[in-house]
Amino acid sequence: MRPPELALDEGAAGESAVYGRLIFLLATAGSGAERLLRALGTLPGAAAMPAPTHIFECGVDWILEHWDGGERGPAALSGLADAQSLLLETRRLADAPYEAFLAQTSADRVVEYSPGHIRFADEVAGLYPDACLIQLVRDGRQVAARQSSPPHESSPREAAKRWIDDQRLVLSLEHPHRYDLRTEDLLRDPVRLLSALVPALGFEVDDDAIARAAAVVGAAPALPTVATGRAGAIVEIVGADLLHHFDYEMNTARLPERVAAWGDMAISANVEVGHRLGADVARRLRRRVRKVRGARSR
Amino acid sequence: MSEAPYASPFEGRVIFVLGSRRTGTTWLQELLLAHPAVVTVPTVEVEPGRLDPSETVIMGALEAVWLNAHNADSEGLPAFLEHDEIVAVMRRFCDGLFARARDTYKPSAEWFLEKSPSNIARLPLITSLYPDAWFIHVVRDGRDAVRSLMDSPMAPRTVADAAAEWVALLDDLQRYRHLLRRFRQVRYEAMLGDPVAAAADLFQWLGLAGSDEVLQAVEERSKRQVARFGATGPIGPGKWMQLPAHERARVLDIAGDWLVELGYIDAG
């Protein structure tokens with residue numbers, strides 16, 4: 001179990017060597033975040049991390065999950081230190097790749113995108129109250145459709161759920177430096193979008209710098225639109241509020257897709273109930289067998 | 001020359017107590033804590049007189065970072081840090097938390113003792129972070145360990161599972177033994193026979209002065225009932241005979257080789 005409060009004190013965060021220097025891009029895989037990463041990396045004083053660190057989905061989250069043993073007993077990190085101390089030590093550990101990268105470059109700010117980080121956006125926000133968080137949103141129907149097509153292995157339901165959970169988590173965050181923008185808007189008019197975003201991130205740059213960054217976005221080919229199918233229909237049904245929030249056109253799924261989506265969700269709900277029921281019956285049976293065996297051996 | 005991955009405040013002063021569950025590792029920890037220089041997370045008094053172990057599982061918490069450190073896709077931590085640097089960062093993390101625990105529980109202590117049962121399976125990670133540590137392995141008759149585990153609240157599903165767990169950790173220890181530069185193995189049954197002598201021997205090996213005062217404290221602590229999880233019967237070896245015959249046979253099937261190897265039964 002994680003600490004009940006994930007927020008590292010701003011004062012403690014101030015001890016960090018990368019205090020106020022990080023920009024995290026939070027986007028579900030397949031949202032086009034790599035384009036924004038490259039664009040921001042061209043800004044004077046900024047550098048884009050050339051590879052994802054995966055430090056939250058493969059590091060920080062597992063540490064924080066060991067804060068308390070919960071029902072398993074007192075075995076946990078909470079015996080060693082208070083929550084703020086754990087958050088501070090974890091922040092120091094997470095800082096290491098960013099600190100090393102900044103030392104290798106002459107940059108003052110670093111931009112990073114790890115596709116899995118959005119799933120742990122609350123941990124990113126909690127450990128880095130001083131960082132800038134940019135949520136990049138692409139139409140969830142497109143994202144879910146792509147993530148449930150080869151070579152990706154997610155089912156339509158999983159892919160839709162991923163996009164919905166990701167966006168909901170980021171929207172629930174209270175963070176002083178959180179920004180969101182739509183991929184479609186960025187690609188349509190990168191100059192206008194970047195002209196608004198870049199100063200908000202704390203960069204003081206001229207129009208030429210914006211134009212260079214916009215050119216990086218514009219130079220990439222447009223993202224193709226695919227048939228959204230069942231995955232898209234699930235997003236429309238379950239994540240309608242999100243599509244509305246981000247101002248996407250609604251009710252685009254055709255009737256057969258909606259029927260298939262409802263069928264998918266109904267079956268998966270029944271399977272989950274069945275699994276839970278089966279596990280419970282098996283547990284009771286095992287307990288009974290042990291009791292009988294014990295009684296017989298006595 | 002420094003043996004630790006960086007200038008650690010605990011260089012050469014971390015003790016890992018290793019052993020399967022229900023082999024007396026918590027009790028040994030209690031004995032070693034009699035020394036004023038040694039600190040760890042204390043046992044938890046869940047009710048008067050009942051002390052349950054409190055394990056940090058810190059090495060388990062670092063497993064994902066360790067996995068990240070071995071990313072072979074030119075991503076993750078190795079894309080930005082050398083392996084030695086990653087190890088140093090992880091050690092700093094542990095030392096930082098150990099230091100906070102020391103400051104809370106025994107500020108004058110200079111040594112930290114870490115004990116979590118599954119640490120044996122994590123020895124490649126532990127020895128990378130703490131090549132300068134001292135490792136003490138507690139070994140107990142596997143049949144007694146299995147019986148005790150099956151009587152505890154964290155009993156596995158079957159006796160076979162419990163025996164397999166005991167065997168698996170011994171297999172792991174054998175596999176990773178070459179990584180342990182400072183290693184001692186102690187028998188639970190011998191500790192039980194003379195806990196003061198066992199502790200004194202370990203203090204001497206660790207280079208810690210075992211004064212009369214310390215040994216008296218060991219004697220007092222040896223009487224504490226730790227990690228019994230509600231059991232009330234007498235403490236002692238040989239209680240495996242209470243297991244039903246078919247379960248004893250099952251344990252022998254699975255753990256027989258190790259029981260012979262460790263001298264708990266004859267090969268015949």
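Residues numbered from 1 in each chain as written. Chains lettered and ligands numbered in written order. Predicted model: local features only at pLDDT ≥ 70, side-chain atom pairs only at ≥ 80, totals over all residues.

Caption draft 1: Inspection of the overall build of chain B at higher detail. On a plain count of helices and strands, chain B comes out with 11 helices and 7 strands. In summary, chain B has a C-alpha radius of gyration of 19 Å against a globular reference of 18 Å for 268 residues, a match within 12%. For the C-alpha atoms alone, the extent of chain B along its principal axes is close to 60 × 50 × 35 Å. By residue count, 46% of the 268 residues in chain B fall in the buried class. Expressed as a percentage of contacts within chain B between residues at least 6 apart in sequence, the contacts between residues at least 24 apart total 78%. (Helix = DSSP H or I, 4+ residues; strand = E, 2+ residues; numbered from the N terminus. Rg over C-alpha atoms; globule rule 2.2 N^0.38 Å. Buried ≥ 20, exposed ≤ 12 C-beta atoms within 10 Å, placed from the backbone. Contact = placed C-beta atoms within 7 Å.)

Caption draft 2: Representation of the overall build of chain A in the model. Of the regular secondary structure elements, chain A holds 13 helices and 5 strands. If one aligns the C-alpha atoms of chain A with their principal axes, the spans along those axes are about 85 × 55 × 30 Å. Expressed as a percentage of its 298 residues, the buried residues of chain A come to 45%. Sequence separation of at least 24 residues holds for 80% of the intrachain contacts in chain A that already meet a minimum separation of 6.

Caption draft 3: Quick peek at the environment of B:Val44. Within the secondary structure, B:Val44 is located in strand E3 (residues 44-47). Along the sequence, B:Val44 and B:Ser54 sit 10 residues apart, while their C-alpha atoms lie 6.2 Å from each other.

Caption draft 4: Quick look at the nonpolar core. Membership of the largest hydrophobic core comes to 146 residues, with the highest contact counts inside it found for A:Leu25, A:Leu40, B:Ile15, B:Leu32 and B:Ile136. What A:Leu40 contacts, discounting residues up to four positions off in sequence, is A:Ile23, A:Ala46, A:Ala48, A:Val111 and A:Ala213. Of all hydrophobic cores here, the second largest spans 13 residues; its members include A:Ala231, A:Ile234, A:Ala253 and A:Ala261. (Core = buried A, V, L, I, M, F, W, Y, C linked by C-beta atoms within 7 Å.)

Caption draft 5: Molecular detail of the packing of helix H4 (residues 83-104) of chain A against helix H4 (residues 83-105) of chain B. The N-to-C vectors of H4(A) and H4(B) enclose an angle of 165 degrees; their axes lie 9 Å apart at closest approach. The angle between H4(A) and H4(B) falls in the class roughly antiparallel. In this structure, the crossing between H4(A) and H4(B) has a hand that is right-handed. When H4(A) is examined against H4(B), the residues A:Ser85, A:Glu89, A:Arg92, A:Leu93 and A:Ala96 are found in contact with a partner set consisting of B:Val89, B:Arg92, B:Phe93, B:Gly96, B:Leu97 and B:Arg100. When the residues that make up the contact of H4(A) with H4(B) are grouped by side-chain class, the tally is 5 nonpolar, 2 polar and 4 charged. (Axes fitted to C-alpha atoms, helices over the stretch in contact; angles between N-to-C directions. Parallel < 35°, antiparallel > 145°, perpendicular 65-115°, else oblique. Left-handed = near helix turned anticlockwise from the far one by under 90°. Nonpolar A, V, L, I, M, F, W, Y, C, P; charged D, E, K, R; others polar.)

Caption draft 6: Up close: unusual backbone geometry. Omega for the bond connecting A:Pro150 with A:Pro151 falls within 30 degrees of zero, at 5 degrees, which places this linkage in the cis form. Looking at the element boundaries, A:Pro151 is found in the loop between helix H6 (140-147) and helix H7 (156-171). We note that A:His54 has phi near 55 degrees; this positive angle belongs to a residue other than glycine. Tracing the backbone shows A:His54 in the loop between strand E2 (46-48) and helix H3 (56-65). A positive phi angle, close to 65 degrees, is found at B:Arg22, a residue other than glycine. Checked against the element boundaries, B:Arg22 lands in the loop between strand E1 (14-18) and helix H1 (25-32).

Caption draft 7: Structural view of the interface of chain B and chain A. Taken together, the contact pairs 32 residues of chain B with 28 residues of chain A. For the side of chain B that touches chain A, the elements supplying multiple residues, two or more each, are helix H2 (58-61), helix H3 (63-69) and H4 of chain B. With 7 residues, the single largest contributor to the side of chain B that touches chain A is H4(B). Counted by class, the side of chain B that touches chain A contains 18 nonpolar, 7 polar and 7 charged residues.

Caption draft 8: Looking closely at the sheet that holds strand E1 (residues 22-26) of chain A. Residues and elements named next belong to chain A. What the 5 strands build is an open sheet, ordered E2-E3-E1-E4-E5; its pairing is parallel. Whereas interior strands pair on both sides, the edge strands pair on one side only; in this sheet they are E2 and strand E5 (178-182). Across the sheet, the axes of successive neighbouring strands diverge by a mean angle of 20 degrees, strand direction being ignored. With 4 bridges joining them, E1 and strand E3 (residues 109-113) adopt parallel strand pairing. Opposite Leu-25, over in E3, you have Tyr-113 as the bridge partner. Relative to E2, helix H2 (residues 33-41) is tilted by about 150 degrees, and along the sheet it contacts E1, E2, E3 and strand E4 (132-137). (Pairing = 2+ DSSP bridges.)

Caption draft 9: Main features of the packing of helix H9 (residues 195-206) of chain B against helix H10 (residues 212-222) of chain B. All names here are of chain B. Taken N-terminus to C-terminus, the directions of H9 and H10 make an angle of 130 degrees; their axes are 9 Å apart at the nearest point. Comparing the axis directions of H9 and H10 gives the class oblique. For the pair H9 and H10, the sense of crossing is right-handed. Contact residues: H9 offers Pro-195, Val-196, Ala-199 and Ala-200, while H10 offers Leu-215, Val-218, Glu-219 and Ser-222. Tallied by class, the residues present in the contact of H9 with H10 amount to 6 nonpolar, 1 polar and 1 charged.

Caption draft 10: Broad picture of helix H9 (residues 190-200) of chain A. Residues and elements named next belong to chain A. Turning to H9, its buried residues are Pro-190, Leu-193, Leu-194, Leu-197 and Val-198. End-on, the buried residues of H9 take up no more than an arc of 110 degrees, which puts them together on one face. Residues Ala-196, Pro-199 and Ala-200 are exposed on H9 and point more than 90 degrees away from its buried face. Gly-202 sits one or two positions beyond H9 and adopts a positive phi of about 100 degrees. (Arc of directions from axis to C-beta.)

Caption draft 11: Fine view of the sheet that holds E1(B). Residue and element names in this part refer to chain B. Taking strand neighbours across the sheet as the criterion, the 5 strands line up as E2-E5-E1-E6-E7 in an open arrangement whose pairing is parallel. The sheet is open, and its two borders are formed by strand E2 (38-39) and strand E7 (183-187), each paired with just one other strand. As judged from the 2 bridges shared by E2 and strand E5 (residues 111-114), these two strands associate in the parallel manner. Bridging from a neighbouring strand, Val-39 pairs with Phe-112 of E5. Against the sheet, H9 contacts E1, strand E6 (134-139) and E7, and its axis sits at roughly 180 degrees relative to E7.

Caption draft 12: View of the environment of A:Ser268. With respect to the helices and strands, the residue A:Ser268 is situated in helix H13 (residues 255-297). Through-space distance from the C-alpha of A:Ser268 to that of A:Arg157 is 8.8 Å; in sequence the pair is 111 residues apart.

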